[in-house]
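So the chains spell out like this:
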Amino acid sequence: MKVNSVFNSSFENIDTICIAIGRPRRNLNQQHIGLLYINTSNQVSFLHLAWHYELRNDYPSNKYLWLDLNLDPLNKAHLAAVCEMVYDTNKAGIPYGICLDGSGFAKNGKYTAEQIYAGLTCATFVIQIFHSQGFYIIDIPKWYHKQEDKIWQKQIIQALTAIAPEEHIQYQLRKIQKGSARFKPEEVAVAAVLPDQPYAPEPLKIPASKLLDLIIKHADSFELKHPTSAPP
Amino acid sequence: MNSVQPFFALTHPTSSNGVLPFFPPSKFYNNTATLLFEPVQGTFQRIRTNKNSSTNDKIVLAIKVDRAKTSTLKIYDFSPELQELLISEPWVTDFYQKAAQLNDTKSILPYYKEINKIIAEKKFKECNCFINNIKVAELSDILLVGILRLTFSWKNELPSWFALLENAKVELGNRHYDSNSVLRGLI
């Protein structure tokens, strides 16, 4: 698993499409993930669900690391086209939600939700892009809710309260109450790049932990070299 | 009994503006003479060879017309569904003509959007007809996997999807790809 950064490579050197992951705000214990790809204008684009109805397709910040995908060149080119299509088809945005159930792109590249208040996180957005094209990276039925997931989920819903309608918040809270598995960005990143997919949580623990160490180290070293840089 | 003309014997005089109308079917009944036929890129023609039956009818696409006015033709068995599809979705003609050259993200994206559009509109019959008439030998390497992946969520609505998968497996093998690896998740 080769991890690239602006300190040892350049975004322009990516091989068609890869995973980008980072800790955009060093002081927050929160990673962010998306797909980095070469778009039809031959430019590097970072497709990611930044927040509630904020689907972005922009140039990545130097704060992100990137990892090559475990895919052949044909499938990489196909997936890059899908990324651009997903952005074009969902410019109105995609809601943010903590539960994966009933949300995805499985039908036509357009985000669909079985429940009006369902949504995706940055990590489940990436999972659904892969799964919609038959690349099963996560063995979803094997992922269960853990008590520790609730802490993060409540924090994120607290932040969401400022911008999302009350009904959307209540739906998320009901999901938390019932118990909803969390897919961490670093787990999804390693699941996308390692062979022998799809993954249950257990085999991802060690590689995800190693990747997290690198993410934190990169965030620290980036902050030291660029102390005045603004958050994305 | 009407004789069926060998398809490549059918030719047609060049029209003055270079764009051909549909052939009036009556022109081909019992016609044993060689007719001049000069297809124009971006068009398709239905050819009738027997007035009592459309069984042997063909649809022809011109895929390359160069300065020397030589053309490469693609021939499809006629069906009312295919004719309707080519009329209602002009991008399909374009796709069949160019499929071998669509080998990068930029060139495939417009067609991906069109395919997604007909799926979003639940035009499964049209989508199935599109898939059914794909000739895997004429698909670019990316499209050999891309069309299957793009439509696999709807494969149960698209009976021709499974035949395309089988044909793509063989074709990928012919092109020295590991089809099990390239098509993983679909097989």
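Fair warning: this is a prediction, and the values are worked out from it, not measured in the lab.

(A) The arrangement of the overall build of chain B in detail. Looking only at helices and strands, chain B has seven helices and three strands in total. Reading chain B from its N terminus to its C terminus gives the helix and strand order β-β-β-α-α-α-α-α-α-α. Looking at the 187 residues of chain B, the share that counts as buried comes to 47%. A total of about 9,300 Å² of accessible surface is found on chain B, and carbon and sulfur atoms cover 52% of it.

(B) Up close: the overall build of chain A. Broken down by element type, chain A carries six helices and eight strands. The helix and strand sequence of chain A, counted from the amino end, reads β-β-β-β-β-β-α-β-β-α-α-α-α-α. Rg of the C-alpha trace for chain A: 17 Å, near the compact-globule value of 17 Å for 232 residues, within the 12% margin. Based on the C-alpha atoms only, the size of chain A along its principal axes is roughly 45 × 40 × 35 Å.

(C) Geometry of the nonpolar core. In terms of nonpolar packing, the biggest core is built from 98 residues, with Ile19, Phe125 and Phe130 of chain A together with Phe95, Tyr96 and Phe130 of chain B touching the most fellow members. With nine residues, the top contributor of residues to this core is helix α1 (residues 73-89) of chain A. Those residues in contact with Ile19 of chain A that lie beyond four places of it in its chain are Ile33, Gly34, Leu35, Leu65, Trp66, Leu67, Leu69, Val126, Phe130, Ala189, Ala192 and Val193 of chain A.

(D) Spatial organisation of the sheet that holds strand β3 (residues 32-38) of chain A. All names here are of chain A. Taken in spatial order, the six strands line up as β1-β6-β2-β3-β4-β5 in an open sheet, and their pairing is antiparallel. Looking at which strands have only one partner, the edges of the open sheet turn out to be β1 (3-4) and β5 (54-58). On the sheet, helix α5 (residues 185-193) packs against β2 (17-22), β3 and β6 (64-68) and is oriented at approximately 155° with respect to β2.

(E) Summary view of helix α3 (residues 105-120) of chain B. Relative to the 22 Å expected for 16 residues at 1.5 Å per residue, α3 of chain B spans 21 Å between its end C-alpha atoms, a close match to the ideal helical length. Within the span of α3 of chain B, buried status applies to Thr105, Ser107, Ile108, Leu109, Tyr111, Tyr112, Ile115, Asn116, Ile118 and Ile119 of chain B. Summarising the contacts, the buried residues of α3 of chain B are in contact with α1 of chain A together with α2 (90-98), α4 (124-132) and α5 (141-151) of chain B. You can read the cap of α3 of chain B off the contacts: a side-chain oxygen lies 3.2 Å from the backbone nitrogen of Lys106 of chain B, and it is on Asp104 of chain B.

Rules and cut-offs
Residues numbered from 1 in each chain as written. Chains lettered and ligands numbered in written order. Predicted model: local features only at pLDDT ≥ 70, side-chain atom pairs only at ≥ 80, totals over all residues. Heavy atoms only, no water. Helix = DSSP H or I, 4+ residues; strand = E, 2+ residues; numbered from the N terminus. Buried < 20%, exposed > 50% of the residue type's maximum accessible area, 1.4 Å probe, protein only. Areas by Shrake-Rupley, 256 points an atom, 1.4 Å probe, with all protein chains shown as cover. Rg over C-alpha atoms; globule rule 2.2 N^0.38 Å. Core = buried A, V, L, I, M, F, W, Y, C linked by side-chain atoms within 4.5 Å. Contact = heavy atoms within 4.5 Å. Pairing = 2+ DSSP bridges. Axes fitted to C-alpha atoms, helices over the stretch in contact; angles between N-to-C directions. Expected span 1.5 Å × (residues − 1). Polar contact = N/O pair within 3.5 Å; in protein donor to acceptor, adjacent residues only side chain to side chain.

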